[in-house]
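Summary of structural features
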Amino acid sequence: MSAFLTLILLVAAFSFGNAAFLSVNNGLTILLQTSVIGLLGIGMTMVIITGGIDLSVGSVLALSGTVTGLAVKAGLPVLPAMAVGVLVGAACGLFNGFVITKMRITPFVATLGMMLIARGLALQLTGAAPISQLGDAFGVLGNGALFRVVEMGANGFPKVIFPGIPYPVILLAVVALAAAYLLRRRQTGRHIYATGSNEEAARLSGVRVHRTKIIAYTLSGALAGVAGNVLMSRLITAQPSEGVMYELDAIAAAVIGGASLMGGVGNVSGTMIGAFIIGVLRNGLNMAGTSAFIQQIVIGFVVIGAVYVDQIRNRR
């Protein structure tokens, strides 16, 4: 509830400072900008609930998007190419889960290693150069919108009457609902919470702890792959250098939304609120002319404050 109140106060404050903040176009811009953080945050939430962390999602995003771009460039249709990108992300997550559970390496170190591996692969596959000229169909997911209304003006140029609901926003809503259903209504979700709450008790209760962790990390990798497709589609270019520091935004969204780094606590709705807090902060500060460096400082303080509140909650 505190995160939701924070979001409302931020919206009110930025609206008071700039009337254009509450415009339909700016609202859709915030939704579009938040979609990638939201997708990464959902996967991160599942991992954090198990008591782990995934530092590799930004690099996996870049690798997945790069593989999708290479597949399209090789002649594969866009949708199958994007599916390949998501599978690459899932494979990275599966590898993380295997290293953490079977090799007994801490999640921080294991996913830090994958962060370096995935980024290196993305740069090696492309020679550190962006992959361009991927065609208009590649940009539909990131730049298309449902219910967009366009009419020809008197000057012969198209005029947007209603910008429509961006496809990435619709995708985020579908993924969020599916993830919330998984965590709250399915056995796998209950096992994820049990693993993070008390791993030994969960094991004694018959929960296959290793399998549960592997599922959580695989889903996190797959969602990083989906986010990579969305981001590269928005750019209509596969950029191997994209996604730097995105893992921190994903962690921040989950923690601001109430997920506990100790494990066992967290939910998708809270993470969505956390992602929108970051999105609203960035958008509002941009409109106020605040530099990107100051924005990072502000978001850093917000994350510290969220973790402090989490610690107070745990003590109680």
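My aim in this report is to walk through the structure given alongside it, one point at a time. Model, not experiment: these values are computed from the prediction.

1. Let's talk about the packing of aromatic side chains
Applying the stated criterion across every chain, the model contains 1 aromatic pair. Ring plane angle 40° and centroid distance 5.6 Å describe the contact between Phe14 and Phe21, whose orientation is recorded as tilted. Each member of the pair, Phe14 as well as Phe21, carries the same accessibility label: buried.

2. Observations concerning the layout of surface pockets
Taken as a whole, the largest pocket spans an internal volume of roughly 500 Å³. Taken together, 20 residues form the lining of the largest pocket, with Ile37, Tyr246, Asp249, Arg282 and Gln296 sitting closest to its centre. Ranked by the residues each element gives to the lining of the largest pocket, the list is headed by helix H11 (residues 246-256), at 5 residues. Looking at the lining of the largest pocket residue by residue, the class counts come to 10 nonpolar, 7 polar and 3 charged.

3. A few points about a positive patch on the surface
A cluster of like positive charges, contributed by Lys102, Arg104, Arg208 and Arg211, occupies part of the molecular surface. Relative to the helices and strands, Arg211 resides in helix H10 (residues 209-235).

4. Section: H11
When you tally the buried positions in H11, you get 9 out of 11 residues, the bulk of the element. Taken as a whole, H11 has its buried residues at Glu247, Asp249, Ala250, Ile251, Ala252, Ala253, Ala254, Val255 and Ile256. Of the residues trailing H11, Gly258 is marked for its positive phi of about 110°.

5. A word on the environment of Ser233
Take Ser233: it is sitting in helix H10. Judged by relative accessible area, which is 0%, Ser233 ranks as buried. Spatially, the C-alpha atoms of Ser233 and Ala201 are 44 Å apart, while their sequence positions differ by 32 residues. Aside from chain neighbours lying at most four places away, what touches Ser233 is Met82, Phe138, Gly139, Val140, Leu141, Gly142 and Asn143.

6. Some remarks on the side chain of Asn229
Looking at the element boundaries, Asn229 is found in helix H10. Owing to a relative accessible area of 3%, Asn229 belongs among the buried residues under this scheme. With sequence-adjacent residues up to four places away left out, Asn229 is seen in contact with Ser64, Thr68, Met82, Val86 and Leu141.

7. Focus on the pairing of strand E2 (residues 149-152)
Note: E2 against strand E3 (residues 158-162), 4 bridges, orientation antiparallel. Within E3, the position partnered with Glu151 by the bridge is Lys159. Linkage of E2 to E3, two consecutive antiparallel strands, is achieved through a turn of 5 residues, within which Gly156 is found at a positive phi near 90°.

8. Focus: the environment of Gly97
By the secondary structure assignment, Gly97 is in helix H4 (residues 78-101). Given the relative accessible area of 0%, Gly97 is considered buried. For Gly97 and Ala19, which are 78 residues apart along the polypeptide, the C-alpha to C-alpha distance reads 47 Å. If sequence neighbours within four positions are ignored, Gly97 has contacts with Lys102, Ile214 and Tyr217.

9. A look at helix H2 (residues 24-49)
Along its 26 residues, H2 runs 35 Å from first to last C-alpha, staying within 8% of the 38 Å computed at 1.5 Å per residue. At Ser35, H2 shows its maximal kink, close to 40°. Of all 26 residues in H2, 20 are buried; the element is thus mostly enclosed. Of the residues trailing H2, Gly51 is marked for its positive phi of about 95°.

10. Points about the side chain of Thr101
Position of Thr101 relative to the elements: it lies in helix H4. There is a polar contact of 2.7 Å between the side chain of Thr101 and the backbone oxygen of Gly97. In this view, Thr101 contacts His210, Lys213 and Ile214; residues no more than four positions away in its chain are not counted.

11. Focus: the packing of helix H3 (residues 57-73) against H4
Following both chains from N to C, one finds H3 and H4 inclined at 150°, their axes separated by 8 Å at the closest point. On the basis of their axis angle, the class for H3 and H4 is roughly antiparallel. Regarding H3 and H4, the two cross each other, and that crossing is right-handed. On H4, the residues that touch Val60, Leu63, Ser64, Val67, Thr68, Ala71 and Val72 of H3 are Val78, Ala81, Met82, Val84, Gly85, Val88, Gly89 and Cys92.

12. Looking at a nonpolar patch on the surface
On the surface, a cluster of nonpolar side chains totalling about 750 Å² of accessible area is made up of Val24, Val140, Leu146, Phe147, Val149, Ile161, Phe162, Ile165 and Tyr167. Position of Val140 among the secondary structure elements: in helix H6 (residues 140-143). In this structure Val140 comes out as partly exposed when scored by relative accessible area, which is 42%.

What counts, and at which threshold
Residues numbered from 1 in each chain as written. Predicted model: local features only at pLDDT ≥ 70, side-chain atom pairs only at ≥ 80, totals over all residues. Heavy atoms only, no water. Phe/Tyr/Trp six-rings, centres within 6.5 Å; stacked < 30°, edge-to-face > 60°. Buried < 20%, exposed > 50% of the residue type's maximum accessible area, 1.4 Å probe, protein only. 1 Å grid on protein atoms, 1.4 Å probe; cavity = no way out; pocket = protein on both sides within 12 Å on 5 of 7 lines; lining within 4 Å. Points joined across faces, edges and corners; volume = space filled by probe spheres on them. Helix = DSSP H or I, 4+ residues; strand = E, 2+ residues; numbered from the N terminus. Nonpolar A, V, L, I, M, F, W, Y, C, P; charged D, E, K, R; others polar. Patch = residues over 30% accessible without salt bridge, like charges linked within 9 Å, V, L, I, M, F, W, Y side chains within 5 Å. Areas by Shrake-Rupley, 256 points an atom, 1.4 Å probe, with all protein chains shown as cover. Salt bridge = Lys/Arg side-chain N within 4 Å of Asp/Glu carboxyl O. Lys, Arg positive; Asp, Glu negative; His and termini not counted. Charge placed at Lys NZ, Arg CZ, Asp CG, Glu CD. Contact = heavy atoms within 4.5 Å. Pairing = 2+ DSSP bridges. Expected span 1.5 Å × (residues − 1). Bend = angle between axes of the 7 residues up to and from the residue. Polar contact = N/O pair within 3.5 Å; in protein donor to acceptor, adjacent residues only side chain to side chain. Axes fitted to C-alpha atoms, helices over the stretch in contact; angles between N-to-C directions. Parallel < 35°, antiparallel > 145°, perpendicular 65-115°, else oblique. Left-handed = near helix turned anticlockwise from the far one by under 90°.

Purely geometric stuff here, so don't read any function into it on its own.
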